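Close look at the chain arrangement
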Amino acid sequence: DAGVIQSPRHEVTEMGQEVTLRCKPISGHDYLFWYRQTMMRGLELLIYFNNNVPIDDSGMPEDRFSAKMPNASFSTLKIQPSEPRDSAVYFCASAFGPLGAALFLKREKLFFGSGTQLSVL
Amino acid sequence: GIQVEQSPPDLILQEGANSTLRCNFSDSVNNLQWFHQNPWGQLINLFYIPSGTKQNGRLSATTVATERYSLLYISSSQTTDSGVYFCAVSGGTSYGKLTFGQGTILTVHP
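Okay, so let's go over this structure.

About the criteria used
Residues numbered from 1 in each chain as written. Chains lettered and ligands numbered in written order. Predicted model: local features only at pLDDT ≥ 70, side-chain atom pairs only at ≥ 80, totals over all residues. Heavy atoms only, no water. Helix = DSSP H or I, 4+ residues; strand = E, 2+ residues; numbered from the N terminus. Rg over C-alpha atoms; globule rule 2.2 N^0.38 Å. Buried < 20%, exposed > 50% of the residue type's maximum accessible area, 1.4 Å probe, protein only. Contact = heavy atoms within 4.5 Å. Areas by Shrake-Rupley, 256 points an atom, 1.4 Å probe, with all protein chains shown as cover. Lys, Arg positive; Asp, Glu negative; His and termini not counted. Charge placed at Lys NZ, Arg CZ, Asp CG, Glu CD. Pairing = 2+ DSSP bridges. Axes fitted to C-alpha atoms, helices over the stretch in contact; angles between N-to-C directions. Buried area = accessible area lost by both parts, 1.4 Å probe. Polar contact = N/O pair within 3.5 Å; in protein donor to acceptor, adjacent residues only side chain to side chain. Nonpolar A, V, L, I, M, F, W, Y, C, P; charged D, E, K, R; others polar.

To continue, consider the overall build of chain B. A count of helical and extended segments in chain B gives zero helices and eleven strands. When the helices and strands of chain B are listed from N to C terminus, the series reads β-β-β-β-β-β-β-β-β-β-β. Relative to a compact globule of 110 residues, whose C-alpha radius of gyration would be 13 Å, chain B shows 13 Å and is just as compact. With the C-alpha coordinates aligned to their principal axes, the bounding extent of chain B is approximately 45 × 25 × 20 Å. Buried positions account for 52% of the 110 residues belonging to chain B. The long-range share in chain B, meaning contacts at least 24 apart out of those at least 6 apart in sequence, stands at 56%. In the form shown here, chain B has an accessible surface area of approximately 5000 Å², with 50% of it arising from carbon and sulfur atoms. For chain B, the centre of its 5 positive side-chain charges and the centre of its 6 negative side-chain charges are spaced 9 Å apart.

Residue and element names in this part refer to chain A. With antiparallel pairing, four strands are arranged side by side in an open sheet as β1-β3-β8-β7. The sheet is open, and its two borders are formed by β1 (5-7) and β7 (65-71), each paired with just one other strand. Here the strands of the sheet are splayed against their neighbours by 15° on average, with no regard to which way each runs. Where β1 and strand β3 (residues 19-24) come together, three bridges link them in antiparallel fashion. In the strand pairing of β3, Ser 7 is matched with Arg 22.

So, on to the interface of chain B and chain A. Taken together, the contacts link 19 residues of chain B with 21 residues of chain A. Here chain B meets chain A over a buried area of about 1700 Å², counting both sides, of which 54% is carbon and sulfur. Taken together, the connections running from chain B to chain A amount to five residue pairs in polar contact (both at pLDDT 80 or more). Those elements that place two or more of their residues in the side of chain B that touches chain A are β4 (31-37) and β5 (43-48) of chain B. If one sorts the elements of the side of chain B that touches chain A by residue count, β5(B) sits on top with five residues. A per-class count over the side of chain B that touches chain A returns nine nonpolar, nine polar and one charged.

As a further point, take the sheet that holds strand β8 (residues 69-74) of chain B. All names here are of chain B. Spatially, five strands are ordered β1-β3-β8-β7-β6 in an open sheet, and the strand pairing comes out antiparallel. Edge strands, defined here as strands with exactly one partner in the open sheet, are β1 (4-7) and β6 (52-56). Mean inter-strand twist for the sheet, computed between neighbouring axes without regard to direction, equals 15°. Direction of pairing for strand β3 (residues 19-25) relative to β8: antiparallel, over a ladder of six bridges. Directly across from Arg 22, in β8, lies its bridge partner Leu 71.

A word on the environment of A:Met69. Residue and element names in this part refer to chain A. Here Met 69 lies in strand β7. The class of Met 69 is buried, set by a relative accessible area of 10%. The spacing of Met 69 and Pro 54 is 15 residues in sequence and 8.0 Å in space, taken between C-alpha atoms.

Quick look at the pairing of strand β7 (residues 59-64) of chain B now. All names here are of chain B. Of all six residues that make up β7, five are buried, and the element is covered over most of its length. Note: β6 against β7, five bridges, orientation antiparallel. Counted as the bridge partner of Thr 53 is Thr 62 from β7. In this antiparallel pair of consecutive strands, β6 and β7, the connection spans two residues, and Gly 57 shows a positive phi of 65°. Two strands pair when backbone bridges link them, and β7 and β8 are joined in this way by six bridges, in the antiparallel orientation. When the bridges of β8 are listed, Thr 63 appears paired with Ser 70. Counted between consecutive antiparallel strands, the loop separating β7 from β8 contains four residues, among which Arg 68 sits at a positive phi close to 60°.

Here it is as structure tokens:
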């Protein structure tokens, strides 16, 4: 498998523009996560999906951020309008099975994509 | 939420040395994972280890859940081990919500 695939690798945009980040999870994984990494705040979970359904979006910083997962092989994270403080590396990650659930015997590791380096000028 | 504290924040080694990285967490966990972020930014999963001990080559990890800490051992370090090591945990009913520590920056000199 090719792993988690993110695009673009780098995005430079101007304040006020719409930004769309894309992610293809590992085939068969039913959990998908969006993380953001900054020097000040480290790695933060923004939102995660299970079977294409958003489970927890409490980490989404504000209404300018939205995420969708229209099918099991694709997800987007959109920022509209973008602001300079949104500059960060955005990671997508996927996993198989409900991590840590007692009823399941198989618990898998979290696999990350290569990230999108976003710069908002 | 669960607090995660990693130590030391920075570690500098000569190639061939051994090291121990520590992760303390504030509450019981049902999920604990160690990651390595290489100098190119790629995050690689090293271990899923909410309890017990695992080994993978020169790396091993031990989690003592009752005492709320985990240790990552690196033996015979190599320059390719350089990067940032993160511990991430989740607990309670928040199975998927991994909280990451601030990381340990490891530099291995030849």
